[in-house]
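Single-letter residue listing:
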Amino acid sequence: MTLELQAVSRLVEGRVHIQPTSLTLQNGTMNVLLGPTLSGKTSLMRLMAGLDQPTTGRILWHGKDVTGQRVQDRGVAMVYQQFINYPGLTVYENIASPLRILGRPKAEIDRKVRETAEMLRLTPMLVRKPLELSGGQQQRCALARALVKGAGLVLLDEPLANLDYKLREELRVEIPRIFEASGAIFVYATTEPEEALLLGGNTATMWEGRVTQFGPTPRVYRDPVDATTARVFSDPPMNFTRCAKQGQILRFGEGVSASTQGSFAVADGEYMAGFRANHLSLHRGSADALEFHCSVIATEITGAQSFLHVSHGTDRWVGLVEGVQVLEPDQEISLWLDPRHIYLFDGEGRLAAPAAYAQAA
């Protein structure tokens, strides 16, 4: 049982919302759409749901072409970041409402409502109304209403975006459990790489209406096929700087160089080096660590960690370092980078050599 998109695209008034996209989602899988705002996540979900029709291509559900089928006739449920409940109805009646519309028998409605409420830990709240619930409980109520129909495809469009940190963490832990219990195909849209990693399953990275890579989440994170995917699947976005390989030396300018012996098995030439913010350090962590002289632009202290916004020549980087770091704008500092954390991309942005640490993971 699968959802298959075959070269599906979407144009609106001549503007490309979704570039030709082919994806196959298997039954019982969690699939994350990861990308920045306006990358096409919601547009792709609307095509999956049948809310919009593709300009080109076909959508197959369990092998049947449903491209022109109405959303009402598909086994689809969708939950938005602006969770919607009926304020005048109890939680029980909110969950039961889709089944009443479908004309299900009273006994079946009661059984399914109570089973779904138990799965979502809402049983003690069934007699309450939504405004008597916390934000996380309200979102679980909206999710229960989507799941109670037994939909084979559940679409979650940034469902935790409007919740506070504590509630987001609570539901991030619960959603994989809910997903496993339902057995449906889940598609979850997010702008946050951390959320994709926590949810696991598969991830499709999106950029300007295009799926740049799709596969098991850890693999996409560790082995991005190109610089765009690496940028999308890094928070803050991956840092980049130009370099050149000559023989067994990788040169970065300023006299900074690294040995390529045993790594960076690429031809001599110009490359773009990429590395994530958390791999920069204020301290030399290894004997072969590279030292880059940078100028501080700004510092953001988050508590246990600090974001350092720096310039290195014409490059602007962000480092995520441990501790409270009080640095002044224009202050000159050294940042250290272990060569094992460097990816190399060619002139077209394609991955030329993966980072050694990712291959060892």
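Worth saying up front: this structure is predicted, and the values here are computed from it rather than measured. (Residues numbered from 1 in each chain as written. Predicted model: local features only at pLDDT ≥ 70, side-chain atom pairs only at ≥ 80, totals over all residues. Heavy atoms only, no water.)

## Digging into the UniProt feature "domain: ABC transporter" (unreviewed entry) in the protein
So, step 1. According to UniProt, the "domain: ABC transporter" (unreviewed entry) feature falls on residues 3–233.
So, step 2. Within the segment residues 3–233, helix and strand shares are 36% and 28% respectively, and the terminal C-alpha atoms sit 24 Å apart. (UniProt positions renumbered as here; feature names shortened; annotations may be inferred. Helix = DSSP H or I, 4+ residues; strand = E, 2+ residues; numbered from the N terminus.)

## Notes on the sheet that holds strand S3 (residues 30–34)
So, step 1. Read across the open sheet, the 6 strands follow the order S6-S7-S8-S3-S9-S10; overall the sheet is mixed. Among the strands making up the open sheet, the edge pair consists of strand S6 (76–80) and strand S10 (210–216). Strand-to-strand twist in this sheet, taken as the mean axis angle between neighbours without regard to direction, amounts to 15°.
So, step 2. One ladder, built from 5 bridges, connects S6 with strand S7 (residues 153–157); its direction is parallel. Within the sheet, the bridge partner assigned to Met-78 lies in S7 and is Leu-155.
So, step 3. Along the sheet, helix H4 (residues 135–147) contacts S6, S7 and strand S8 (185–190); its crossing angle with S6, the most-contacted strand, is approximately 165°. (Pairing = 2+ DSSP bridges. Axes fitted to C-alpha atoms, helices over the stretch in contact; angles between N-to-C directions. Contact = heavy atoms within 4.5 Å.)

## Quick notes on the domain arrangement of the protein
So, step 1. Domain annotation for the protein reports domain 1 (3–229) and domain 2 (238–358).
So, step 2. Using only C-alpha atoms to locate each centre, domain 1 and domain 2 end up separated by 37 Å.
So, step 3. Residue-level contacts link 7 residues of domain 1 with 10 residues of domain 2.
So, step 4. Roughly 710 Å² is buried in total at the junction of domain 1 and domain 2, and carbon and sulfur atoms are behind 58% of that figure.
So, step 5. Among the residues of domain 1 in contact with domain 2, Tyr-221, Arg-222 and Ala-227 are the three that bury the most area, contributing 58% of the side total.
So, step 6. Joining domain 1 to domain 2, the criterion identifies 0 salt bridges.
So, step 7. Inspection of the region where domain 1 meets domain 2 yields 4 residue pairs in polar contact (both at pLDDT 80 or more).
So, step 8. Along the lines of polarity and charge, the residues of the side of domain 1 that touches domain 2 split into 4 nonpolar, no polar and 3 charged. (Domains from an automatic or database assignment. Buried area = accessible area lost by both parts, 1.4 Å probe. Salt bridge = Lys/Arg side-chain N within 4 Å of Asp/Glu carboxyl O. Polar contact = N/O pair within 3.5 Å; in protein donor to acceptor, adjacent residues only side chain to side chain. Nonpolar A, V, L, I, M, F, W, Y, C, P; charged D, E, K, R; others polar.)

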